[in-house]
Amino acid sequence: LRLSFVHRAMKQQVWSSQHHLQCQASFKVAILGAAGGIGQPLSLLIKMSPLVSTLHLYDIANVKGVAADLSHCNTPSQVLDFTGTSELANSLKGVDVVVIPAGVPRKPGMTRDDLFNINANIVKTLVEAVADNCPGAFIHIISNPVNSTVPIAAEVLKQKGVYDPKKLFGVTTLDVVRANTFVAQKKNLKLIDVDVPVVGGHAGITILPLLSKTRPSVTFTDEEVNDLTVRIQNAGTEVVEAKAGAGSATLSMAYAAARFVESSLRALDGDGDVYECSFVQSDLIDDIPFFASRVKLGKKGVEALISSELQGLTEYEQKALEALKHELKASIEKGVKYAQKQA
Ligand code: NAD
Ligand code: LMR
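Residues numbered from 1 in each chain as written. Chains lettered and ligands numbered in written order. Predicted model: local features only at pLDDT ≥ 70, side-chain atom pairs only at ≥ 80, totals over all residues.

Identification of the protein chain as malate dehydrogenase from Trapa incisa is taken from an unreviewed UniProt entry. What the UniProt record of the protein chain gives under Catalytic activity (unreviewed entry) is the line "(S)-malate + NAD(+) = oxaloacetate + NADH + H(+)". Reading the Subunit (unreviewed entry) entry of the UniProt record for the protein chain gives the comment "Homodimer." (UniProt positions renumbered as here; feature names shortened; annotations may be inferred.)

A. Here's a closer look at the overall build of the protein chain. Check the secondary structure of the protein chain and you find eleven helices and eleven strands. Computed over the C-alpha atoms, the radius of gyration of the protein chain is 19 Å, within 12% of the 20 Å expected from 2.2 N^0.38 for a compact globule of 343 residues. On the principal axes, the C-alpha backbone points of the protein chain span a range of 55 × 50 × 40 Å. Every one of the 343 residues in the protein chain was classed for burial, and the buried ones make up 50%. Of the contacts made within the protein chain by residues no fewer than 6 positions apart, 70% connect residues no fewer than 24 positions apart. (Helix = DSSP H or I, 4+ residues; strand = E, 2+ residues; numbered from the N terminus. Rg over C-alpha atoms; globule rule 2.2 N^0.38 Å. Buried ≥ 20, exposed ≤ 12 C-beta atoms within 10 Å, placed from the backbone. Contact = placed C-beta atoms within 7 Å.)

B. Summary view of the packing of helix 5 (residues 116–133) against helix 6 (residues 146–159). Interaxial distance between helix 5 and helix 6 falls to 9 Å at its minimum, and their mutual angle equals 35 degrees. Helix 6 is crossed by helix 5, and the crossing has right-handed handedness. In contact with Phe116, Asn119, Ala120, Val123, Lys124, Val127, Glu128 and Ala131 of helix 5, helix 6 contributes Ser148, Thr149, Ile152, Ala153, Val156 and Leu157. Here the contact of helix 5 with helix 6 is built from residues that sort into nine nonpolar, three polar and two charged. (Axes fitted to C-alpha atoms, helices over the stretch in contact; angles between N-to-C directions. Left-handed = near helix turned anticlockwise from the far one by under 90°. Nonpolar A, V, L, I, M, F, W, Y, C, P; charged D, E, K, R; others polar.)

C. Molecular detail of unusual backbone geometry. Residues Asn144 and Pro145 are joined by a peptide bond in cis, for which omega reads -5 degrees. For Pro145, the position within the fold is in the loop between strand 5 (138–141) and helix 6. Residues other than glycine seldom take positive phi values, yet Asn188 does so here, at roughly 55 degrees. Look at Asn188 and you get exposed, because 6 C-beta atoms sit within 10 Å. Although it is not a glycine, Ala244 adopts a positive phi angle of roughly 50 degrees. Relative to the elements of secondary structure, Ala244 occurs in the loop between helix 9 (235–243) and helix 10 (251–268). The class for Ala244 is exposed, based on 9 C-beta atoms found within 10 Å.

D. Representation of the site of ligand 1. Inspection of the region around ligand 1 gives 33 residues, with Gly33, Gly36, Gly37, Ala102 and Asn144 positioned closest. A per-element tally of the shell around ligand 1 places helix 5 first, with four residues. Broken down by class, the residue content of the shell around ligand 1 amounts to 18 nonpolar, 13 polar and two charged. (Near = placed C-beta within 6 Å.)

Listed below in structure tokens is the structure:
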């Protein structure tokens, strides 16, 4: 993606003003939690996409002002605001992609799992509404702990009889964005060229960058591999500590989520060459029902899980993969149990 949609959006504006808005925009996107730290910059980036015709902003408060502000940008999409549970259903009608960054963020000293008690119920309630109002939409879950909130969403959709595993995504794009940035910095590479797959989950040691699969091919010393892996795994905490109580990553997350939305829209639009890493239902690793890997996206969601990147791992990566299984499995089971208990 490489923010090409920003440039395309700008070019489109010049073109549109000359040709009376004959644009290609056609998809509806809803953001649930749109007034938050991630929600606001994410809404701005999505407002710049030429593939979006309508942007629905939903939150429990403060969304009217965000929508009024955003609606003055002269990009093609229309912005509509929805406040509170009474407007949730309407915010989802006819939507193609639903992005969920609703929920509380970490403070220093907390793990993502410490957010479970609050965010589990928020995600459950929102996904129930998605199931009732736009069951065919792609669902992008950002709310933490992703390793548990995605399984919660899957259970809720199953309970509603509308679960399509190909259309439910845990957003792990920020791990890839970070890995690309840190590797390019360390190895003095042109950022735009670097692509590091990140697999596993989205918390601590469950985040596993496959540095040996970096494109273009790069060699790392053992020390570089360890430093980079640990930095990528702790990058969220790095931001939480720097923000010192004012929340977690919002701007880089919005950038990453916008990239994942744009990739999804390109896939929905028929582009046959769209690949992203995402935490999805998976059979790549025995006994781990959800796993982040590179996936091929198509009109119907996940078209294929890319298993080749999990072959030929280094000893370091193989050990790290073994080490993450226990925690990842436990987080998935926690989410499944929670949703089943609530049913
Ligand atoms: P924030 O507190 O700034 O914003 C959250 C927003 O959610 C607020 O506007 C709030 O009103 C809204 N909200 C709360 N309950 C809601 C509900 N029931 N329905 C709709 N909206 C509701 O937090 P943030 O910094 O934007 O982070 C949001 C979530 O994203 C956190 O759980 C955080 O841990 C997670 N996160 C995930 C990643 C990732 O890589 N997946 C990265 C960064 C943050
Ligand atoms: C991140 O990776 O930045 C997010 O998951 C937020 C967090 O709590 O670290």
